[in-house]
Every structure is written in C-alpha cells, then in structure tokens.
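Structure at a glance
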Amino acid sequence: MPSGLAALLDDVAAIAKMAAASVDDVSAAAGRASVKAAGVVVDDAAVTPGYAMGFSPQRELPIIGKIAIGSLKNKFLILLPGALLISAFAPWALTPLLMIGGAYLCFEASEKIWEKLAGHGGGETPTDELALSSAAQEKKMVGSAIRTDLILSAEITAIALADLAERPLATQAAALALVGLLITGAVYGAVALIVKMDDIGLHLAERRSASARSVGRGLVHAMPMVLSGLATIGTGAMLWVGGGILVHGLHEYHLDLLPGLIERLGHAAGQVALIGPVTQWLATASASAVVGLVTGGIIVALLHLIPRGKHAAH
C-alpha cells in the first residue's frame, strides 16, 4: 500500500511538472506574441478614446466597458476559432492574410495623413450627430468602435498566430486566449484612464493643496495634447507594423530585394557604439514605415484620387 501511494504521488508530481511546463510554454509564447503585436496595440489604444468623447462623463466608462465586452466577443467567438481553423487546415493562408491586413493598416494610416493634409474631416457633420438621440448616438459609436476593434484584433491575432505556428494546437489556443485577455485588459484599462484623466484633473484642481491644484490644471490642459500625440503615435505605429508585415511577407515568398535592403540598412545603423540595438531598430522601423506609407499612398490614390479624376473628366 505505501509503495502504491508513493507511485501515485510520483505520477501526480510528474503531471504537475508537465502542467507547469505547459503553463510556462503558453506564458512565454503569449509574451512573445504580444510583443510582436505591440504596434497594433498602440494604435488600438490611440483610436478608442475618440469613441467615448462627446458624451456625459457618467457615460464614458460604461461606453468603454461595452466596447471592451465587444472586443472580447470579437476575439473569442470569431477570431480565435477562425485562427485555429486556419492553423489546422490552411496554414499556407496565414502569410497572404497577414499581408492583406498589413496593407489595410498602411491604407488606414495613409488615409488619415491624406485627410489631415487635404483638410477633410473624417467624421460626420454636426447636423448628422444632432439628428440622433443620445442613446442612439451611443449605440452607433459603440458599434463603430467594435467594428474597428475587430479589424485591429484580427491583425493582432494574425501576428500572434504567425509567431505560434510551430506550436501544438492546444498551446496556440491557450496562448492566443491569453494574448487576447492581456491585450484587451491593457488597451481598455489604458483607454478608461485616458478618457477620465480630465475628470481626475478637475477633481485635483478643486483640492485645497496648491500642488494638487497645479497638477490638476496641468492634467486638464495636457489632455488635448496627449490625445493628439496618441493619434500621431497610432498612425506611425500602423505604418511601421503594416510595412513590416509586408516586408516579412515578401521575404516569406523569397522576394528578398527590399527585405535584404532593409536588413542591410538596419545592420549598418546597428554599428553605432553603445546604442547600436536602438539605432538598428529605429532604422528598420523607419524603413518599414516608409514602405507602409508608399503602399498606403498607392491604395489611397487608387480609391480616392483616380475615381475623383474620372468623375471630373466627365
């Protein structure tokens, strides 16, 4: 009997070790995949606060909560099953899907730049907004935010899946689920903090302490610049990530002229003493962003300028 108990305990210990190793494997894979998707995460965090602006302060956090729930549904009900099906039955489709998503990111960023340079507004007119009730406008904005999240989450899932392609299917599923939870929590936690930052500033500005009032006024005045800076960072991140995906896709198809050029540029920039890794990353990211800007600019021209030119000719 004691020997049987010892054998059972040995089996339990072995199973526990395997489970711990599996958890470590999933955690490590999820961590690497999350880092690869960082650029899209930055854009997600930069884009989302705009959907909660313009509503009463009491509605801001509930709106962010609704978008976060919609984001989890996107990831767990649509994207995770789709990603696992692709991994199991059509792994060859991952690179072209990634490149299509990368091209879309390049287009979206380039279109933002074009609209800013051309002075076009990307949103609806005030008349359109006033025509809707507050509840209807909130529903519309939440729906729009969830659709945007679906696109960005699909790109995050595809990037993560590409990094997990060699792992067992169960590890892929667990790692993708963990990535989804971590990124959703990080993005919408940051978004909630951003949209409430002015309220925090106003609260501090009413305190008796002179230092608290000074910090509060600083927060209130800084928020427009913070939001503008986030939008700029998000646009740059889309170009860098989208261009990088396209360059990696070209390399996967052995079209190595452009990827090789960028690699040599990064290697040369990395020769700087002390800060070589930083300058190498900056050179590679900047070159990828240029690729993204050129690609997105071509798509913007095809979708906007050429049809307009044909219409003007008629």
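Check the entry above for the structure.
None of these values were measured; they are calculated from a predicted model.

**Details of the overall build of the chain**
For the chain, the count of helices and strands is 12 helices and 0 strands. With 314 residues in all, the chain has 37% of them scored as buried. Taking the contacts inside the chain whose residues are at least 6 apart along the sequence as the reference set, 76% of them involve residues at least 24 apart. Carbon and sulfur atoms provide 71% of the accessible area of the chain, an area that totals close to 17800 Å².

**Quick notes on empty space enclosed by the protein**
Inspection of every chain in the model, using the stated rule, returns 2 cavities of 30 Å³ or more. For the lining of the largest cavity, the secondary-structure elements that each account for two or more residues are α4 (57-89), α7 (134-163) and α8 (169-195). Class assignment of the residues belonging to the lining of the largest cavity gives a composition of 7 nonpolar, 3 polar and 1 charged.

**A few points about the pattern of salt bridges**
With the rule as written, the count across this model stands at 3 salt bridges. When the shortest N-O distance is used, the salt bridge between Glu-138 and Lys-66 registers 2.9 Å. On the criterion of sequence distance, the pair formed by Glu-138 in helix α7 and Lys-66 in helix α4 is long-range, its members being 72 residues apart. Among the residues examined, Glu-138 registers a relative accessible area of 7% and is labelled buried.

**What about unusual backbone geometry?**
One non-glycine residue, His-254, lies in the positive phi region at around 60°. With respect to the helices and strands, the residue His-254 is situated in the loop between α10 (210-252) and α11 (257-269).

**A look at a nonpolar patch on the surface**
Judged by side-chain polarity, Val-272, Leu-274, Ile-275, Val-278, Trp-281 and Leu-282 come together as a nonpolar surface patch covering roughly 640 Å² of accessible area. Its place among the elements puts Trp-281 in helix α12 (residues 276-313).

**Observations regarding the side chain of Ser-110**
In this fold, Ser-110 is placed in helix α5 (residues 94-118). By relative accessible area, Ser-110 is classed as buried at 5%. Dropping the residues within four chain positions of it, Ser-110 is found in contact with Leu-239, Gly-292, Leu-293, Gly-296, Gly-297 and Val-300.

**Here's the deal with the nonpolar core**
The biggest cluster of nonpolar side chains holds 21 residues, and the ones touching the most others in it are Leu-98 and Leu-176. Listed by contribution, the elements that provide at least two residues to this core are α4, α5, α7, α8 and α10. Of all the elements, α7 adds the most residues to this core, at 5 residues. Setting aside chain neighbours within four positions, we find Leu-176 in contact with Leu-80, Ala-83, Leu-84, Thr-157, Ala-160, Leu-161 and Leu-164. Tyr-51, Ile-156, Ile-183 and Val-187 belong to the second largest nonpolar core, which has 16 residues in total.

What counts, and where the lines are drawn
Residues numbered from 1 in each chain as written. Predicted model: local features only at pLDDT ≥ 70, side-chain atom pairs only at ≥ 80, totals over all residues. Heavy atoms only, no water. Helix = DSSP H or I, 4+ residues; strand = E, 2+ residues; numbered from the N terminus. Buried < 20%, exposed > 50% of the residue type's maximum accessible area, 1.4 Å probe, protein only. Contact = heavy atoms within 4.5 Å. Areas by Shrake-Rupley, 256 points an atom, 1.4 Å probe, with all protein chains shown as cover. 1 Å grid on protein atoms, 1.4 Å probe; cavity = no way out; pocket = protein on both sides within 12 Å on 5 of 7 lines; lining within 4 Å. Points joined across faces, edges and corners; volume = space filled by probe spheres on them. Nonpolar A, V, L, I, M, F, W, Y, C, P; charged D, E, K, R; others polar. Salt bridge = Lys/Arg side-chain N within 4 Å of Asp/Glu carboxyl O. Patch = residues over 30% accessible without salt bridge, like charges linked within 9 Å, V, L, I, M, F, W, Y side chains within 5 Å. Core = buried A, V, L, I, M, F, W, Y, C linked by side-chain atoms within 4.5 Å.

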